[in-house]
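The residues making up each chain are set out below.
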Amino acid sequence: MIFKYNKIRNSIKRKFIRPLNDGCVYNVKKLNKERKVKHDETISLLTQANETLINVDYNLKNYKLVDANVLLRSSFEYIMMGMMIQFDEGVYEEFTTLGVERDKTRICEIIDKFRTHMNEICEEFYKDLNRKEKLEMLTELYDKMCNFTHSTLIVSTMIEVKNTREKEIFQLLMYQNYYFLKMLLFFSLKYFTSDKTHYLELRSIVFTYLFMIIEINGKIKEYKIDFSKYNNLLYYDKNIEYFEKDKKKANKLKEDSIEFCEELNDNQNEFIEELNEFLK
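All figures in this text were calculated on a predicted structure; none of them were measured in a lab.

## What to know about the pattern of salt bridges
For the structure on display, the rule yields 9 salt bridges. When the shortest N-O distance is used, the salt bridge between Arg73 and Glu77 registers 3.1 Å. Of the two residues, Arg73 and Glu77 both sit in helix H3 (residues 65–87), 4 residues apart, roughly one turn of that helix. Measuring nitrogen to oxygen at the nearest pair gives 3.6 Å for the salt bridge that ties Asp88 to Lys113. Of this pair, Asp88 sits in the loop between H3 and helix H4 (89–95) while Lys113 sits in helix H5 (residues 107–114); the two residues are 25 residues apart in sequence, bridging distant segments of the chain. Take Asp88: its relative accessible area is 23%, and that puts it in the partly exposed class. Three or more residues are tied together by salt bridges with common partners; here these are Glu201, Arg203 and Glu274.

Shown next, in the form of structure tokens:
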């Protein structure tokens, strides 16, 4: 089946981006009146996470990729801490004490504890991930954002990216992380407000990410982009272990994609039906 890209883009806006944005705005306002929130600091941190993500979107649209990732990391930390001071009084006690040696509020500890509450926040979305997968997913995302926050080779390399088409690819890749954090905030807010008006269909999430991956791969082929030209800037030979690790993950994603396509072949009618619903 062939669909016009404008139709796909409009469906993503209507069924994913708009409800995601509207739900965050609505529930941030509603959060102030929720008795379920134990501490005012949770309200402040989640509210700031929403404001910061708005700024991330602005920076991404303007191809300010390094700044966007710095803000992404901040929003990640706001969400993690905002939720964990709700779930763990020990975290809250250390959070409210200045000048002490960090233990319970170290980001690695916060991530480790937060993963145990992800099903509680949104079981439908996170239930298929086991504890190890959740930890790896959150830790890997945070590590990648840290590469843009500190003075690293990644930052110095990104500064050298001048080609608009290459920036477009990086922008799309970063939007995947942006939407993941936006959804995490969306579900965290709804955990408190029990809002039934704003919701995200799993179908919409799946097709949004599927089309994003297709678009990224399509543009890489269309633009004939070869990122190996940045190997020298990234000191490839010196960091080959790091890149081999990424390569293994990319191969795993490729294998998963092949498996997904095979499943589609076995369930074409069901897939087409779901797709048509998404594109309505």
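## Quick notes on the packing of H3 against helix H10 (residues 164–193)
With their axes 11 Å apart at the nearest point, H3 and H10 run at an angle of 20° to one another. In terms of orientation, H3 and H10 fall into the roughly parallel class. For the pair H3 and H10, the crossing hand works out as left-handed. Contacts from Leu65, Asn69, Leu72, Ser75, Phe76, Ile79, Met80, Met83, Gln86 and Phe87 of H3 reach H10 at Lys167, Phe170, Gln171, Met174, Asn177, Tyr178, Leu181, Leu184, Leu185, Ser188, Tyr191 and Phe192. Across the contact of H3 with H10, the residue classes tally to 15 nonpolar, 6 polar and 1 charged.

## Side note on the nonpolar core
In terms of nonpolar packing, the biggest core is built from 64 residues, with Phe76, Met83, Phe114, Leu181 and Phe187 touching the most fellow members. Considering every element that reaches this core, the biggest residue donor is H10, with 15 residues. Those residues in contact with Met83 that sit more than four places away from it in its chain are Leu46, Phe114, Ile121, Ser188, Tyr191 and Phe192. In this structure, Ile12, Phe211, Leu275 and Leu279 belong to the second largest nonpolar core, which totals 7 residues.

## Things to note about the environment of Met145
Looking at where Met145 falls in the secondary structure, it is placed in helix H8 (residues 131–149). Here Met145 falls in the buried class, since its relative accessible area comes to 0%. Linking Met145 and Thr105, residues 40 residues apart in sequence, is a C-alpha distance of 19 Å. Not counting residues within four places of it along the chain, the set of residues in contact with Met145 comprises Asn69, Leu72, Arg73, Phe76 and Leu181.

## A look at the packing of aromatic side chains
One pass over the structure, following the stated rule, counts 15 aromatic pairs. With 5.5 Å between their ring centres and 80° between their planes, Phe186 and Phe187 make a pair best called edge-to-face. Comparing Phe186 with Phe187 shows no difference in burial state: the two are buried. Through pairs of rings, three or more aromatic residues link up here, namely Phe16, Tyr175, Tyr178 and Tyr179. Sitting over the face of the ring of Tyr191, Lys36 holds its NZ or CZ atom 3.8 Å from the ring centroid.

Reading the values: rules and limits
- Residues numbered from 1 in each chain as written.
- Predicted model: local features only at pLDDT ≥ 70, side-chain atom pairs only at ≥ 80, totals over all residues.
- Heavy atoms only, no water.
- Salt bridge = Lys/Arg side-chain N within 4 Å of Asp/Glu carboxyl O.
- Helix = DSSP H or I, 4+ residues; strand = E, 2+ residues; numbered from the N terminus.
- Buried < 20%, exposed > 50% of the residue type's maximum accessible area, 1.4 Å probe, protein only.
- Axes fitted to C-alpha atoms, helices over the stretch in contact; angles between N-to-C directions.
- Parallel < 35°, antiparallel > 145°, perpendicular 65-115°, else oblique.
- Left-handed = near helix turned anticlockwise from the far one by under 90°.
- Contact = heavy atoms within 4.5 Å.
- Nonpolar A, V, L, I, M, F, W, Y, C, P; charged D, E, K, R; others polar.
- Core = buried A, V, L, I, M, F, W, Y, C linked by side-chain atoms within 4.5 Å.
- Phe/Tyr/Trp six-rings, centres within 6.5 Å; stacked < 30°, edge-to-face > 60°.
- Lys NZ or Arg CZ within 6 Å of the ring centre and 35° of its normal.

Structural measurements only, silent on function.
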